[in-house]
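Analysis of the macromolecular model
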Amino acid sequence: REFKDHFEVHAALPDAKASDVNVKLDDDRTLTVEVSNKTANAATSNSQAGSSSSTSEEEWGQYSQTVQLPAPVNISKMETEHKGHELIVILPKA
């Protein structure tokens, strides 16, 4: 959303913690949100006569979204908030 003195970008990130999220701004106009998170799958076990084994797996998920802003912004004053499953990025106009 665009306001008189800033832009506000909202992103739904249902499976991401704040520590999984990287927000970067290139050339005062290109905003990129990257998410990289690890999830554990259920452990499996296998038992046969006289032996047993078990395994557990972890999966990594990564995705990113890049947005071109309509006007330059002040990188040093960029703010981010992570509320529940939503990321909010506030970008003051330059």
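Residues numbered from 1 in each chain as written. Predicted model: local features only at pLDDT ≥ 70, side-chain atom pairs only at ≥ 80, totals over all residues. Heavy atoms only, no water.

Let's talk about the sheet that holds strand β7 (residues 79–83)
An order of β1-β8-β7 is seen for the 3 strands of this open sheet, with the pairing classed as antiparallel. Only two strands of the sheet have a single neighbouring strand rather than two, namely β1 (6–12) and β7. Adjacent strand axes in the sheet meet at a mean angle of 15°, parallel and antiparallel pairs treated alike. For β1 and strand β8 (residues 86–92), the ladder comprises 7 bridges, and the chain directions are antiparallel. Within β8, the position partnered with Glu8 by the bridge is Ile90. (Pairing = 2+ DSSP bridges. Helix = DSSP H or I, 4+ residues; strand = E, 2+ residues; numbered from the N terminus. Axes fitted to C-alpha atoms, helices over the stretch in contact; angles between N-to-C directions.)

Some remarks on unusual backbone geometry
At Asp27, a residue that is not glycine, the phi angle is positive and equals roughly 50°. Relative to the elements of secondary structure, Asp27 occurs in the loop between β2 (21–26) and β3 (30–40). Given a relative accessible area of 56%, Asp27 falls into the exposed group. At Asp28, a residue that is not glycine, the phi angle is positive and equals roughly 65°. The residue Asp28 is located in the loop between β2 and β3 in this model. Taking the relative accessible area as the measure of exposure, Asp28 reaches 35% and is therefore partly exposed. (Buried < 20%, exposed > 50% of the residue type's maximum accessible area, 1.4 Å probe, protein only.)

Some points on the nonpolar core
Ranked by size, the top nonpolar core spans 16 residues in total, and within it Leu13, Val21, Val23, Leu31, Leu87, Val89 and Leu91 carry the most contacts. Counting only elements with at least two residues in this core, the list comes to β1, β2, β3 and β8. In contact with Leu87, other than residues within four places in its own chain, are Val9, His10, Ala11, Leu13, Val21, Val23, Val33, Thr80, Glu81 and His82. (Core = buried A, V, L, I, M, F, W, Y, C linked by side-chain atoms within 4.5 Å. Contact = heavy atoms within 4.5 Å.)

Here's the deal with the environment of Leu31
Inspection of the secondary structure puts Leu31 in strand β3. Remark: the alpha-carbon pair of Leu31 and Val89, spanning 58 residues in sequence, is separated by 9.5 Å. Those residues in contact with Leu31, other than ones at most four positions away along the chain, are Val9, Val23, Lys24, Leu25, Gln65, Thr66, Val67, Met78, Val89 and Leu91.

Looking at the pattern of salt bridges
By the definition in use, this model includes 4 salt bridges. Here Lys24 and Glu34 are joined by a salt bridge, their closest N and O atoms 3.9 Å apart. Of this pair, Lys24 sits in strand β2 while Glu34 sits in strand β3; the two residues are 10 residues apart in sequence, bridging distant segments of the chain. For Lys83, the salt bridge is made with Glu81, and the minimal N-O distance between the two is 3.4 Å. (Salt bridge = Lys/Arg side-chain N within 4 Å of Asp/Glu carboxyl O.)

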